[in-house]
Structure formats: C-alpha cells, structure tokens
Amino acid sequence: MRKASVNRDTLETKITVSVNLDGDGRGQFDTGVPFLEHMLDQIARHGMIDLDISCDGDVHIDDHHTVEDIGITLGKAITEALGDKKGMTRYGHSYVPLDEALSRVVIDFSGRPGLVMDVPFTQKRIGNFDTELFYEFFQGFVNHALVTLHIDCLKGHNAHHQVETVFKAFGRALRMALTPDPRMAGTMPSTKGVL
C-alpha cells in the first residue's frame, strides 16, 4: 500500500498529514481554515486519495503559514508514499469546468520543482480567504513533492469557481500521474533511470 504519515512542527504550525494514494477519496480535515478544507476535499475526492490533515496554526495572525505549511507537508507525504516512482504513470493532466470557469492542470513527477501558475483571480478574497495564498500552497507543495506543475485558469469570472476548478483539476491530474502503469511495472519512467 502506498501510504505515508508526515509531521511538521514549527513555531508557526503543527501539522500532521496522512495519505493513502490508493484510497477511495475520503478526506478528514481540521486546519482552522474552512475554505482551504473545502479545496483539500476536492483533491481527495477527485484524486481518489485518502487525506487526513490536521493543523494547529497561528491563524490568529492570518492564514498564510497554515496554508503554505500544509502544502509543504502534503508534498512530503505524497513523495514518501510514492516511494521509488518505478511503474508510475508520472505525468497527469486535466481540464475541469464549473459553470463559466475552466481550468487546466498539468503535472510531472520529474524530481525537479517548478511552478507556473496563471490564475487571474477576479477577487482578492473569497469570504475571509486571501486568494493569493493558493500560490503559496502550490509553491510549498511543488518544492517538497519535487514536481513540475502548470496551473492555468482559462476562463471564469466567479473567484470561487476559478479556485474550485483548479483544485478539482489538480486532484484529477494527480490521480492520473500517480496511477501505476502495468506496462511500466518495475521500470523507472525516465530515460535517465532516476527521477
């Protein structure tokens, strides 16, 4: 089973992330940031990844450290659960619409961190949540999962729809990339022999 549990303790956050890459899309969240939890649930459901994430963070200051550090810890947990990457599909992509919004996410478990994110948010806040923090979440994830990630919101004027299409597409792209490829069983999906 491709499972992992990772703890991250700093002066700003105390986080535990448990993942099962071969789960059935169940999510359990206690982060103190309800809108982020709604988006994490999209990753679990559409990625078919079981996620259990708890965080005691300094949200009395703002949500920045909590959101970024959850991205970091989720990246570490997925990397640990994935193991040596032999036999995985490696690449994943997805387009997801929600009413007027449409997003595309493409991921490569390349071993090299890189984020290109073009999401022209139509609002700076969704409720109390600062939309700029989604960049911090994905940057933290990319740096610690060691993936190349391209995120584009191609259409949309409702900021909630924009974000939700991004997270649903991210979940589906993860699912594709993490799926074992029976034709690659025991083989590293790279001509270099390492990722």
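How each quantity is defined
- Residues numbered from 1 in each chain as written.
- Predicted model: local features only at pLDDT ≥ 70, side-chain atom pairs only at ≥ 80, totals over all residues.
- Heavy atoms only, no water.
- Pairing = 2+ DSSP bridges.
- Helix = DSSP H or I, 4+ residues; strand = E, 2+ residues; numbered from the N terminus.
- Axes fitted to C-alpha atoms, helices over the stretch in contact; angles between N-to-C directions.
- Contact = heavy atoms within 4.5 Å.
- Buried < 20%, exposed > 50% of the residue type's maximum accessible area, 1.4 Å probe, protein only.
- Phe/Tyr/Trp six-rings, centres within 6.5 Å; stacked < 30°, edge-to-face > 60°.
- Left-handed = near helix turned anticlockwise from the far one by under 90°.
- Expected span 1.5 Å × (residues − 1).

Trainee: An account of the sheet that holds strand 4 (residues 50-57) is needed here, citing residue identities and associated values.
Mentor: Sheet strands line up and pair through hydrogen bonds in the backbone, either parallel or antiparallel. Spatially, 4 strands are ordered 1-2-4-3 in an open sheet, and the strand pairing comes out mixed. Since the sheet does not close on itself, it has two edges, and those belong to strand 1 (3-9) and strand 3 (27-30), each with one partner. Direction aside, the axes of adjacent strands within the sheet are offset by 5° on average. Here helix 1 (residues 34-47) sits on the sheet in contact with strand 3 and strand 4, set at roughly 160° to strand 3.

Trainee: Got a sec to walk through unusual backbone geometry? Specific residues and values, please.
Mentor: Phi is positive for Lys 85, which is not a glycine, with a value near 75°. Here Asp 99, not a glycine, exhibits a phi torsion of approximately 50°, which is positive. Following the sequence through the fold, Asp 99 ends up in the loop between strand 5 (91-98) and strand 6 (101-108). By relative accessible area, Asp 99 is classed as exposed at 64%.

Trainee: Tell me about the packing of aromatic side chains, and please be specific about residues and values.
Mentor: Taken as a whole and assessed by the stated rule, the structure comprises 10 aromatic pairs. With centroids separated by 5.6 Å and ring planes inclined at 45°, the aromatic side chains of Phe 137 and Phe 167 adopt a geometry described as tilted. Highlighted residues: Phe 137 in helix 3 (residues 133-145) and Phe 167 in helix 4 (residues 159-178), separated in sequence by 30 residues. Across this residue pair, the class does not change: Phe 137 and Phe 167 are buried. Put simply, the rings of Phe 35, Phe 121, Phe 129, Phe 134, Phe 137, Phe 138, Phe 141, Phe 167 and Phe 170 pair up and form one aromatic cluster.

Trainee: Explain the environment of Gly 83 to me, and be specific about the residues and the numbers.
Mentor: Mapped onto the elements, Gly 83 comes out in the loop between helix 2 (64-82) and strand 5. Gly 83 sits 81 residues away from Arg 2 along the chain, and the two C-alpha atoms are 7.7 Å apart.

Trainee: Lay out the packing of helix 1 against helix 4 with the relevant residues and their values.
Mentor: The geometry of helix 1 relative to helix 4 is characterised by a closest axis approach of 7 Å and an angle of 35° between their N-to-C directions. Seen from above, helix 1 lies across helix 4 with right-handed handedness. Across the interface between the two elements, Phe 35, His 38, Met 39, Gln 42, Ile 43, His 46 and Gly 47 of helix 1 pack against His 160, Val 163, Glu 164, Phe 167, Lys 168, Phe 170, Gly 171, Arg 172, Leu 174 and Arg 175 of helix 4.

Trainee: Could you give me a rundown of the sheet that holds strand 10 (residues 148-155), with the residues and numbers involved?
Mentor: Read from one edge of the open sheet, 4 strands run 5-6-10-7, paired in mixed fashion. Each edge of the sheet is formed by a strand with only one pairing partner; in this case those strands are strand 5 and strand 7 (114-118). Sheet twist, expressed as the average angle between the axes of neighbouring strands with direction ignored, equals 10°.

Trainee: Please provide a residue-by-residue account of the pairing of strand 5, values included.
Mentor: Only one face of strand 5 is buried: it carries Gly 92, Ser 94, Val 96 and Leu 98, and the other face, with Tyr 91, His 93, Tyr 95 and Pro 97, is open. Of the pairings in the sheet, the one linking strand 5 to strand 6 comprises 8 bridges and is antiparallel in character. Bridge pairing in strand 6 links Tyr 91 to Asp 108. A loop of 2 residues connects strand 5 with strand 6, the two strands running antiparallel in sequence, and Asp 99 in this loop sits at a positive phi of about 50°.

Trainee: An account of helix 4 is requested, with residue identities and associated values reported.
Mentor: Counted at 1.5 Å a residue, the expected span for helix 4 with its 20 residues is 28 Å, and the 28 Å between its end C-alpha atoms agrees. Buried residues dominate helix 4, accounting for 16 of its 20 residues.

Trainee: Explain the pairing of strand 7 to me, and be specific about the residues and the numbers.
Mentor: The alternating pattern of strand 7 places Leu 115 and Met 117 on a buried face and Gly 114, Val 116 and Asp 118 on a face that is not buried. Summarising the sheet, strand 7 and strand 10 pair through 5 bridges and their orientation is parallel. In the strand pairing of strand 10, Leu 115 is matched with Leu 149.

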